[in-house]
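Structural overview
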Amino acid sequence: MTPEEFITRLKGVQNKGKGKWMACCPAHDDSDPSMAISQTNSGKILVKCFAGCTALDIVHSVGLELQDLFPDAYQENPMAFAYRERAERTT
């Protein structure tokens, strides 16, 4: 997933420069952007809620998993993706 794909799931997105955004945190009732999103040189997406929500809370609230923020996660742990896909098919 790219940062651009990730931020389409968010509200109140503000561009703060190359590879940096602020947005309303989807994990809590947020009307004023309190979450920072950035991209590392390796393509990883970093999220930080200044109200204290965890990265896990944030990604789950938009229907994702933590590994979705890491472009190389599939190559590093393909079984995690296989398990997730199997669980989604049986639900």
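Parameters and conventions
All chains use their own residue numbering, which begins from 1 and follows the written sequence. For a predicted model such as this one, the threshold for reporting local features is a pLDDT of at least 70, and the threshold for listing and counting side-chain atom pairs is 80 or more; totals across whole chains, interfaces and linings nevertheless cover every residue. To obtain the side-chain values, all non-hydrogen atoms of the structure were included, while hydrogens and water were left out. Secondary structure elements are taken from DSSP: a helix is a run of H or I of four residues or more, a strand is a run of E of two residues or more, and numbering for both begins at the N terminus. Under the scheme applied here, a residue whose accessible area is under 20% of the maximum for its type counts as buried, over 50% as exposed, and between as partly exposed, the area being computed with a 1.4 Å probe on protein chains only. Pairs of residues are marked as contacts when any of their non-hydrogen atoms sit within 4.5 Å. Pairs of N or O atoms within 3.5 Å make up the polar contacts considered here, provided that, within protein, one atom can donate a hydrogen while the other can accept it, and that residues adjacent in sequence are counted only when both atoms are side-chain atoms. Should DSSP find at least two bridges between two strands, the strands are taken to pair. Disulfides are defined in this document as cysteine sulfur pairs within 2.5 Å. Between the N-to-C directions of two axes lies an angle of 0 to 180 degrees, each axis being a line fitted to C-alpha atoms and, for a helix, fitted only over the stretch in contact.

**Let's talk about the overall build of the chain**
Tallying secondary structure elements over the chain gives four helices and four strands in all. Residues counted as buried form 32% of the 91 residues belonging to the chain. When contacts within the chain are restricted to residue pairs at least 6 apart in sequence, those whose partners lie at least 24 apart make up 31%.

**Re the side chain of D30**
Position of D30 relative to the elements: it lies in the loop between β2 (20–24) and β3 (35–39). Within the structure, the side chain of D30 is placed 2.7 Å from the backbone nitrogen of C25, a separation counted as a polar contact. Once residues within four sequence positions are removed from consideration, D30 is found in contact with A23, C24 and C25.

**Thoughts on the pairing of β2**
Counting buried positions along β2 gives four out of five residues, so the element sits mostly inside the fold. Here strand β1 (residues 11–15) pairs with β2 via three bridges, running antiparallel. Each bridged residue has a counterpart across the sheet, and for K11 the counterpart in β2 is C24. The loop that links β1 with its antiparallel partner β2 comprises four residues; one of these, G17, has a positive phi angle of about 125°. Where β2 lies against β3, four bridges are found, and the strand directions are antiparallel. When the bridges of β3 are listed, W21 appears paired with I37.

**A word on the environment of V47**
Mapped onto the fold, V47 is located in strand β4 (residues 45–49). Once the C-alpha coordinates of V47 and A36 are considered, the two residues, 11 residues apart in sequence, prove to be 5.7 Å apart. With near-sequence residues (within four places) excluded, V47 lies in contact with F6, M35, A36, I37, A55, I58 and L69.

**Overview of the state of the cysteines**
Using the criterion set out here, one finds zero disulfides in the structure. This cysteine, C24, is not joined by any disulfide, and C25 carries the nearest cysteine sulfur, 8.9 Å off. Owing to a relative accessible area of 10%, C24 belongs among the buried residues under this scheme. Owing to a relative accessible area of 3%, C25 belongs among the buried residues under this scheme.

**Quick word on the sheet that holds β3**
The strand order across the open sheet built from four strands is β1-β2-β3-β4, with neighbouring strands paired in antiparallel fashion. Lying at the two open borders of the sheet, with one neighbouring strand each, are β1 and β4. Averaged over all adjacent pairs, the angle separating strand axes in this sheet is 20°, with direction ignored.

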